[in-house]
Protein chains: 2
Amino acid sequence: MDNKTKVKIENVVFRAGMNYLHKNGFYWIPSIPRLVKATGACENIDTLFEVSVNNCKLWFGKDNESRHKAYLSQTGQLYLESLVPELGKVFCVGSSFRAEPVIDDRHLIEFQMVEIEFDGGFDELLTYIEGFVYYIVGALYDEGMLQSNIVSCPYVFPKTTYDGAIDTLQNMGEIIEWGDDINSSQEAKLVEYYGNIPIFITRFPDPSWDHGKPIKVEKFFNMLPDPDNPGRVLSADLILPNAGEAVGAASRVHEYKILKDRLINSRMFKRLVEKGGSIDDFGWYLNTIKERGSVPHSGCGFGMTRILKWLIGCDNIADAVVFPSNRGTII
Amino acid sequence: MDNKTKVKIENVVFRAGMNYLHKNGFYWIPSIPRLVKATGACENIDTLFEVSVNNCKLWFGKDNESRHKAYLSQTGQLYLESLVPELGKVFCVGSSFRAEPVIDDRHLIEFQMVEIEFDGGFDELLTYIEGFVYYIVGALYDEGMLQSNIVSCPYVFPKTTYDGAIDTLQNMGEIIEWGDDINSSQEAKLVEYYGNIPIFITRFPDPSWDHGKPIKVEKFFNMLPDPDNPGRVLSADLILPNAGEAVGAASRVHEYKILKDRLINSRMFKRLVEKGGSIDDFGWYLNTIKERGSVPHSGCGFGMTRILKWLIGCDNIADAVVFPSNRGTII
């Protein structure tokens, strides 16, 4: 596909997605920072890029006493979350940076995410995700840029719990145990099973719950426990045909004490401490919630380059955008 | 001003600006990279942030033979420029990163820029800048969010050459010589002189010209020499009341040999070499122009946070956005 076609598709996709959010009352926050403390990290803290100035990592801080490290943001989630009590519905658009050591056809080290947070619950969250994706597909179709033989998108997506997905995969003969991560080829098998349309896998194992054994699948510390399913969180991954996991979504814990406990006991935080970090890295975030309080809320991150891979139908994610960055190709 | 009001203004400003560009046939390129080689540097190469992984700076590259450094982008200009022959009119929106060592009320270390490049000349460029700013002001006014006693914006902006601005400042009694940088308090005096509306300073000294003495004002290497004014380039800075320089603009050199000569002889390139860089950092950019050729083109970067400072009327640029980042305040 030539650059011009790629750019035209990318334009329609981003504009439609942002228009959908605008129509639904979300405020765009262009100034969400990308140069951040550890509050810009997702659960994959090992893939954080570090930032320095003239070989000095401890360049940041008001004065010599408060010097600290800085990183490239993997997610704007916590910054958006802090605005929900005041603004209700917010979103951001921009780069997510991940130091993926291996060059493959599914990962980039910089890719575009649209992230939303709002003062609502889990069902509403899934409806927004369906609406966002459906609206984009409709806009591309209207512009005559969608090959309907590749992309099929219903208004409501099939949903399976994580537990159900493990059962389904085991029944297919896949070697997977409850607690394992569902790998990309298994995601593809599930998508095929549901008819090659977008599907949700919901209610993943709670990382803070004692499951009696270590679990491999790893979810963000502030996902909200599902009141109806002990040991599960109100989370969802959207899996797309030919692209795999494209959206990570969850309702969030909003109570200070529970949040702090979950953070301190998370694997992500333990690895941060090993890297020289501390609870101070999350100081502004915890203090905001402690002092101002928060409200029940939910949110997600749309991996736009994965969505483009699905819509374009290319084999390599690097072919989905004009300037793909992986470890070997930055310019 | 509370966060909600700030966010509402920011929303209108960014949406209006992007709509103006869309109406005028510009394509948005969301995947413009922010994690880059030295082609993401502007003339202030000393303020480049370096990026590393697990303390390793030479992490980037396809294999051990091709390992190289990476930086945070200061501008998407060269990436946009490379698309002009194929796409005509393009723009990007995102963070510009500058390692400003001093915390003041005019600079941030991360701020939002909207950048455009298109296959046209200098007069058209100035018209687009006027149109973009006027359209934003109109949109804010329509939404009832503009205090007309602070912001005044005509359809066409006064223009003075750099030479004329130096004369005017000298006549005011300012201590400034031809070749000097016009500092922020002098910019403010010029703006006041023209009636506290946006003004252009145009046709700065050509950095590649032998002026018979060193010149302090520093412009980007690929600005196009003005055929009618020897020793000057077809460049313009937009100066805003209460915000100073908010847009840097120029027609660009598009001929390979001239471009390479200007790059190699630039002060920016000499400093890059001192930092351990080389002409290879610009390899993809020079090769693209050598192999595919280019077309006459022009472009600019809108410093959106400075524009917001003007529109809001705040004293400190940190008060113009919800998440301002300077050396002491990143979160």
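This section reports on the structure supplied with the text. Computed from a predicted model, the values in this text were never measured in an experiment.

1. Some details on the interface of chain A and chain B
Frequently, the measure chosen for interface size is the accessible area that the parts lose on association. Across the boundary between the two partners, chain A contributes 48 residues, which contact 48 residues of chain B. A per-element tally of the side of chain A that touches chain B places helix H1 (residues 3–23) of chain A first, with 6 residues. Pairing between strand E3 (residues 50–52) of chain A and strand E3 (residues 50–52) of chain B: 3 bridges, direction antiparallel. Each bridged residue has a counterpart across the sheet, and for A:Glu50 the counterpart in E3(B) is B:Ser52.

2. With respect to the pairing of strand E5 (residues 89–97) of chain B
In the case of a regular strand, side chains alternate between the two sheet surfaces. All names here are of chain B. With 9 of 9 residues buried, E5 is to be regarded as a mostly interior element. With 2 bridges connecting them, strand E1 (residues 27–28) and E5 associate as parallel partners. When the sheet's bridge partners are listed, tyrosine 27 is paired in E5 with valine 90. When E5 meets strand E6 (residues 110–118), the two strands line up antiparallel, connected through 9 bridges. By the bridge assignment, glycine 94 is partnered in E6 with methionine 113.

3. Describing the sheet that holds strand E5 (residues 89–97) of chain A
Strand-to-strand pairing in sheets goes through backbone hydrogen bonds, with the strands running parallel or antiparallel. Residue and element names in this part refer to chain A. In space, the 8 strands of this open sheet follow the order E1-E5-E6-E11-E10-E9-E8-E7, with mixed pairing throughout. Each edge of the open sheet carries a strand with a single partner, namely strand E1 (27–28) and strand E7 (159–161). Bridge count between strand E10 (residues 244–252) and strand E11 (residues 297–303): 6 bridges; the pairing is antiparallel. Paired with alanine 249 across the strands is cysteine 300, a residue of E11. Of the strands in this sheet, strand E6 (110–118), strand E8 (199–202), strand E9 (235–240), E10 and E11 are in contact with helix H3 (residues 122–142), which crosses E11 at around 25°.

4. Some words on the relation of the copies chain A and chain B
In the superposition of chain A on chain B (RMSD 0.0 Å, axial shift 0.0 Å), the rotation amounts to 180°. The relationship between the two copies is best expressed as a two-fold rotation axis. Rotation axis and chain A: the residue whose C-alpha lies nearest the axis is A:Val51, separated from it by 2.3 Å. Here 100% of the interface residues in chain A have copies in chain B that are interface residues too; the copies meet face to matching face.

5. Considerations on helix H5 (residues 184–193) of chain A
Residue and element names in this part refer to chain A. By the burial criterion, the buried members of H5 are Gln186, Glu187, Leu190 and Val191. All buried residues of H5 project into a common sector of 145° when viewed along the axis, lining one side. Residues of H5 that are exposed and angled more than 90 degrees away from the buried face: Ser185 and Glu192. Taken together, the buried residues of H5 touch helix H4 (162–171), E8, E9 and E10. In the segment just after H5, glycine 195 is the residue with positive phi, at about 100°.

6. Description of helix H4 (residues 162–171) of chain B
Residue and element names in this part refer to chain B. Within the span of H4, buried status applies to Tyr162, Ala165, Ile166 and Leu169. When H4 is viewed along its axis, its buried side chains cluster within an angular range of 100° and face the same direction. Check the buried side of H4 and you find it contacts strand E7 (159–161), helix H5 (184–193) and strand E8 (199–202).

7. A short note on the sheet that holds E3(B)
With antiparallel pairing, the 6 strands of this open sheet are ordered in space as E2(A)-E4(A)-E3(A)-E3(B)-E4(B)-E2(B). For this open sheet the edge positions go to strand E2 (35–36) of chain A together with strand E2 (35–36) of chain B, each flanked by a neighbour on one side alone. By the bridge criterion, 2 bridges tie E3(B) to strand E4 (residues 70–72) of chain B in an arrangement that is antiparallel. Paired with B:Val51 across the bridge in E4(B) is B:Ala70.

Cut-offs applied
Residues numbered from 1 in each chain as written. Chains lettered and ligands numbered in written order. Predicted model: local features only at pLDDT ≥ 70, side-chain atom pairs only at ≥ 80, totals over all residues. Contact = placed C-beta atoms within 7 Å. Helix = DSSP H or I, 4+ residues; strand = E, 2+ residues; numbered from the N terminus. Pairing = 2+ DSSP bridges. Buried ≥ 20, exposed ≤ 12 C-beta atoms within 10 Å, placed from the backbone. Axes fitted to C-alpha atoms, helices over the stretch in contact; angles between N-to-C directions. Least-squares fit on C-alpha atoms with pLDDT ≥ 70 in both. Arc of directions from axis to C-beta.

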